[in-house]
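The residues making up each chain are set out below.
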Amino acid sequence: MLRVFRRNVGPPLWPGGCGRTAPSVILRQYGTGKEIASAYKPSQVERSCESGTTPQLPSAFNLTRDNAPPFNVLLPPPNVTGELHLGHALTGAIQDALVRQARLSGRRTTWIPGMDHAGIATQVVVEKRLLKERNLTRHDLGRERFLQEVMRWKVEKQDSIRRALKKLGCSMDWSREYFTMDAHQSVAVKEAFVQLFDRGLIYRDRSLINWSCTLESAISDVEVENVEISGPTEIAVPGYSRNVTFGRMVDIAYKVQGSTEEIVVSTTRPETFLGDVAVAVHPDDGRYSHLRNKVTFLWHPVRKEEIPLIFDGAVDRSFGTGAVKITPAHDRFDFELGRRHHLATVEVIDERGRVQEHFGPFTGMPRYEAREALLEYLAKLSLLRGIKPHTMLLPLCSRSKDVVELLLRPQWFVRCREMAQRAMDAVREGKLEIVPNTFEREWFRWLDNCRDWCISRQLWWGHRIPAYCVRYDGAKERWIAARSEEEAREKFTALEPNAAKDLVSIEQDPDVLDTWFSSGLLPFSSTGWPGTVSPAHYPLQLMETGHDILFFWVARMVMLGQELTGKLPFERVLLHGIICDEFGRKMSKSLGNVIKPDHVIHGISLERLQAEAEDSHRQGVLSQAELGKSLAGQRKMFPSGIPECGIDALRFTLCSANVKNHFIHFNAQEAHTNKLFFNKIWQATRYTLACAGRFNAGKTVDQTVDLRQAVDRMPLMDRWILSRLGNTVQQCQEAFASYNFHLATAALKTFFYCNFCDVYLETTKINMKPESTSVAALHCAVLKYCLTVGLRQMEPFTPYLAQELLTHLCAASSSIPVDLDHDAALGWVDPPLEESIEGVLQICQHIRQSKNEYNPPIVRKHNPILHIYAKAPKLAAELHVLRDTIQQLTHCNGVVLHSDERLFGNVQYVVKGAPTHDCLIGIVAESGGGGNGAGAEASRKMLAKLDAEIEKLLKTIGNEGYKRSASESVQKRHQEKLDRLQQQREEMLKMAS
């Protein structure tokens, strides 16, 4: 039995497929009520971003359920120090996707924006500008005038950052915007400090802190960059005309008093030798056992005094000589050991990095000049025992690039032990979830070893510490934490009623609080605390931020939230990775791999990229050597610049990475690929509008088809695409629930690319004609339904594209052909149907591949006839039902279904193969045009081409050098290709005979 099916396809409704030629004629002829552009152009679609308008779905899609839980999230505040970078864009893209997805689920959302005053960072950048533009320091201006300059900078940058966030499409509640030094935040900071002080959790002490001599301020651990130095290395240090050498271990001898013995100590910081107050050894170190049971003193050659030899079990006897110099004023280990042994402290270095008084010829010298002078001095005394290379970690201030000193200074501290324990318990008991959970170990590591937190900074820009020094009764003084000077006076009177009459002065501490202190209050200070806080807004449901500030910000928010509000500030923490370039390198101007959001959005030429690098060099950001390296890096990475991709493409690309990875590799080319993907959806929408407009113009199609009622008369491919749509919605929901946004973007690309555009849309062209009005009506309804639901799933990632296309779809319909509930789409899922159609689509794919591989000219010029023999009756039935679909998808001019394998074998095929064990296929070039002679000539040319390829491959495989150097996988791939070519040649020879 031989069945031949042919149809006169005629010119397709959409010439060349949905992704190619645009049907502008159709749109003009049938109209859609609103013209849609011929192609996706991000600059046009996203034009509203310049006005600060945030993209939103048409009002028909607004859905809020009264019983739905709220979704509240806080934007980690960008610093008012400059432009937004890709890290900010990543945070904005992730949080906006989460907020928009929550809205799609009917939840009431609150996304609070704000900006951080960034004490040290902002003060440094304003000081640099003052010096560069006006040759002034902050001391030249005075505190008040300098703060006015910083406020002008803040206003300028705050407005720029706000515009940039709105431009990214971030749908924040701008009525709730905060600045960490605005009036309300200032009240909250004072209240928090006073409460913690009154509870005994804030105290003042003279302790070791990180100190930047350039800034003349304490700095936090997060502002210290530990750089590994391997052996002698010259480093540029601010304030020095010549580079300073680090990475050297210096051995110095101490003479034992009353003996000819000496004890050698080793140090990488010989300048601190001036402040040594003891030498320590391990009590079980046999080298010093003869000194164990007697009082032993060593002679300090600079201070001309004795210092003790002490024994302590904390000393590492395996390091060097086993003897360590003890300088409590400049080393944490020495400080703790000194406290245990009640040693004095001798401070060597002052706030400006100079040697203090009482050190003879070294007094007043810059610390590293004193280092070299001291080495010469010790050499003259024959006490210098050697200098050797040494690998070390050099602590640098991230703001000033100065070498960090540890100095003893009176500072304010927060007691963290009990608060840290509660924060650890919250994670252990499951009350606080950290995603990904691999960071729980980091959480416990930090908090289990948490030192008291130094919260004072010697700056002018920031929250001035609400603590007052009350001097009374001559030289006595007492510190009072208060919200105002008047309150401080009242508190002092209550605490010291008999001393009130002897009060001399009340003076507020001139220092400011660490920026992390004010930002640690944000989950509750931004929602009303210390006033009334609504349960609808606090605690937050989620805190999303980078993993690099897990301790410095997240842990402190948890500690302060639990202490001050009695609640966890959020239920869950989502940590994203650090943005790197496509090779996994940290983005750095000196490498030339920095990509700004605007570079991707608007595109930028190589010439403009290099001009930016040269500007950085002129501003002193890059040295001459770094500039050369930067320019070379740019030429290598961006030889043609970066093409215009648009905001949505940037957002979609950022979310297409697994954001929970430690590092996120960003490739601008992927953003351009995603822009092309959006054009595919755009063209599919144009096709849909054209079809709907064509039939609606003649009133031949009912635009309000109820798909549920039409399911019984719905073609298989329509039911299949609806099932695929339901699966995609389910994948997106599961991806958002697990914060695997990359799985959602992958599912959407698969649906729109592989299912909707490449398959379903092509099959609708079969029936988009006047004589098929009922089927065309169903196709139109399904097309709109899939686009509407699909674009709603895209909207969290691509709000501009979704708004634009859904607006066109709404304008073309009297009603939205979609149930707004996500569950409605899930109801279409039909796994058996998908499995069945997938088998047919695999056959179509094999046919297209076979045509491309053999590619005889006669097949290329004239649509061939397709022959299929299905062994299984079920498959034969499916092929029969979908014969038009197969013909459309394989671009053949007819389909022959064989019921007998012998009949199939009697046909002379140009191409013959078996895609599966259930099916045989064959392709016959139609006669006509070239005739049989043309077919024979095509076969001869094809044979010649095959022979040439086979000969070339045999020559490669037979080469001895190839066998030695080519990998096993490469050799296997070449052998498989050779086998395939030889099989093709044999089949063509059989056909010719």
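- For the chain, an unreviewed UniProt entry supplies the name valine--tRNA ligase and the organism Anopheles merus.
- As stated in UniProt under Catalytic activity (unreviewed entry), the record for the chain gives "tRNA(Val) + L-valine + ATP = L-valyl-tRNA(Val) + AMP + diphosphate".
- In its Sequence similarities (unreviewed entry) section, the UniProt record describing the chain reads: "Belongs to the class-I aminoacyl-tRNA synthetase family."

**As for unusual backbone geometry**
Step number 1: Cis geometry marks the peptide bond from V435 to P436; its omega dihedral reads -5°.
Step number 2: In this model, Y538 is joined to P539 through a cis peptide bond whose omega is 5°.
Step number 3: Tracing the backbone through its elements, the reader meets P539 in the loop between helix 14 (522-525) and strand 27 (543-546).
Step number 4: The phi dihedral of S382 is positive, around 60°, even though this residue is not glycine.
Step number 5: Among the structural elements, S382 can be located in the loop between helix 9 (367-380) and strand 17 (384-389).
Step number 6: A positive phi angle, near 65°, is found at K401, a position not held by glycine.

**Considerations on the sheet that holds strand 23 (residues 467-472)**
Step number 1: Strand order in the open sheet formed by three strands is 24-23-25, with antiparallel pairing between adjacent strands. Each edge of the open sheet carries a strand with a single partner, namely strand 24 (476-481) and strand 25 (503-508). Each neighbouring strand pair of the sheet contributes to a mean axis angle of 20°, computed without reference to strand direction.
Step number 2: The sheet contact formed by strand 23 and strand 24 spans six bridges and is antiparallel. If you follow C469 over to strand 24, its bridge partner there is W479.
Step number 3: Here helix 12 (residues 485-495) sits on the sheet and contacts strand 23, strand 24 and strand 25; the angle it forms with strand 24, its principal contact strand, is near 120°.

**Considering the nonpolar core**
Step number 1: Core analysis: the largest hydrophobic core is formed by 141 residues, its most contacted members being F666, F741 and F756.
Step number 2: When residues in this core are grouped by element, the largest group, 12 residues, is from helix 23 (residues 773-794).
Step number 3: Residues lining this core come from more than one domain, with at least three contributed by each of domain 2 (668-829) and domain 3 (854-924).
Step number 4: Ignoring any residue separated from it by four or fewer positions in sequence, one finds F756 in contact with A684, I721, F751, L761, L783, C786 and L787.
Step number 5: Core analysis: the second largest hydrophobic core is formed by 57 residues, F193, W453, I455 and M543 among them.

Here is what the cut-offs are and how they apply
- Residues numbered from 1 in each chain as written.
- Predicted model: local features only at pLDDT ≥ 70, side-chain atom pairs only at ≥ 80, totals over all residues.
- Heavy atoms only, no water.
- UniProt positions renumbered as here; feature names shortened; annotations may be inferred.
- Helix = DSSP H or I, 4+ residues; strand = E, 2+ residues; numbered from the N terminus.
- Pairing = 2+ DSSP bridges.
- Axes fitted to C-alpha atoms, helices over the stretch in contact; angles between N-to-C directions.
- Contact = heavy atoms within 4.5 Å.
- Core = buried A, V, L, I, M, F, W, Y, C linked by side-chain atoms within 4.5 Å.
- Buried < 20%, exposed > 50% of the residue type's maximum accessible area, 1.4 Å probe, protein only.
- Domains from an automatic or database assignment.

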